[in-house]
Amino acid sequence: FDGPVLELLTESRTRFDQRLAALGPDILAEEFETGRFLARLRADDYTRGVGDALLDQRNVAGIGNLWKSEGCWDAAIDPWRPLSNVSDPEALAIIEALRPRMFESARTGDQDAVRRVFRRHRQPCCRCGEKILARGQGDDNRTTFWCQQCQR
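Okay, so let's go over this structure. (Residues numbered from 1 in each chain as written. Predicted model: local features only at pLDDT ≥ 70, side-chain atom pairs only at ≥ 80, totals over all residues. Heavy atoms only, no water.)

### Structural notes on the nonpolar core
Part 1 of the argument: Ranked by internal contacts, the top residues of the largest apolar core, which has 31 residues, are Ile-27, Phe-37, Val-50, Leu-54, Val-60 and Ile-63.
Part 2 of the argument: Elements that contribute at least two residues to this core include exactly helix 3 (34-43), helix 4 (50-55), helix 5 (65-74) and helix 6 (88-108).
Part 3 of the argument: Here the element with the most residues in this core is helix 6; it accounts for 6 residues.
Part 4 of the argument: Excluding residues that lie within four positions of it along the chain, Leu-54 makes contacts with Phe-37, Val-60, Ile-63, Cys-72 and Ile-94. (Core = buried A, V, L, I, M, F, W, Y, C linked by side-chain atoms within 4.5 Å. Buried < 20%, exposed > 50% of the residue type's maximum accessible area, 1.4 Å probe, protein only. Helix = DSSP H or I, 4+ residues; strand = E, 2+ residues; numbered from the N terminus. Contact = heavy atoms within 4.5 Å.)

This is how it looks when you write it as structure tokens:
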């Protein structure tokens, strides 16, 4: 959204573009590269919160702020939990929960229908009824939405 520059590349040039080479596996690829995702996640700062790490396009390409919050909620994982305390199956549970929701959102163009926690600060969690919390996370201070009760 609101990107200041659009650059079109031929398919042959994409193989040599360093910016593209630095991207992690595409969450919306037909076949998601789980091994590559986990390797990149494990090479990241182990003290970093999993929510912040999901926004890093070097770990996984395609997850934005809405999907970070929604994926952690779907998998019942606290987005503040350090990567060192997130198992491989838990990290993959976030991806597996997100992929169908993101495909559906891309198909319909409707993101409002998929929101369970994003921009629902102080509203009741649809899973447990506790109030949704919101706070800035990471170096960019992107707002993370989560339920402290059911995300551990």
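Back to the text.
### Some details on the packing of helix 5 against helix 6
Part 1 of the argument: Contact pair helix 5 / helix 6: the axes reach a minimum separation of 8 Å and the direction vectors enclose 130°. On the basis of the axis angle, helix 5 is oblique to helix 6. The crossing of helix 5 and helix 6 is right-handed. On helix 6, the residues that touch Trp-67, Glu-70, Gly-71, Cys-72 and Asp-74 of helix 5 are Ile-94, Ala-97, Leu-98, Arg-101, Met-102 and Ser-105.
Part 2 of the argument: Its residues assigned to classes, the contact of helix 5 with helix 6 shows 6 nonpolar, 2 polar and 3 charged. (Axes fitted to C-alpha atoms, helices over the stretch in contact; angles between N-to-C directions. Parallel < 35°, antiparallel > 145°, perpendicular 65-115°, else oblique. Left-handed = near helix turned anticlockwise from the far one by under 90°. Nonpolar A, V, L, I, M, F, W, Y, C, P; charged D, E, K, R; others polar.)

### Here's the deal with helix 5
Part 1 of the argument: Extensive coverage of helix 5 is indicated by the burial of 9 of its 10 residues.
Part 2 of the argument: Listed as buried for helix 5 are Asn-65, Leu-66, Trp-67, Lys-68, Ser-69, Glu-70, Gly-71, Cys-72 and Trp-73.
Part 3 of the argument: Taken together, the buried residues of helix 5 touch helix 4, helix 6, strand 1 (133-137) and strand 2 (142-146).
Part 4 of the argument: One or two positions beyond helix 5, positive phi appears at Ala-76, with a value near 60°.

### Thoughts on the state of the cysteines
Part 1 of the argument: Taken as a whole, this structure holds 0 disulfides when the rule is applied.
Part 2 of the argument: Its sulfur unpaired, Cys-72 is 12 Å from the next cysteine sulfur, which belongs to Cys-150.
Part 3 of the argument: Here Cys-147 is not cross-linked by a disulfide; its sulfur's nearest cysteine counterpart is in Cys-128, at 3.4 Å.
Part 4 of the argument: By relative accessible area, which is 0% here, Cys-147 ends up buried. (Disulfide = S-S within 2.5 Å.)

### A few points about unusual backbone geometry
Part 1 of the argument: The backbone of Ala-76 sits at a positive phi, close to 60°, despite the residue not being glycine.
Part 2 of the argument: Note on placement: Ala-76 falls in the loop between helix 5 and helix 6.
Part 3 of the argument: Given a relative accessible area of 28%, Ala-76 falls into the partly exposed group.
Part 4 of the argument: For Asn-141, which is not glycine, the phi dihedral falls at a positive 55°.
Part 5 of the argument: Take Asn-141: it is sitting in the loop between strand 1 and strand 2.

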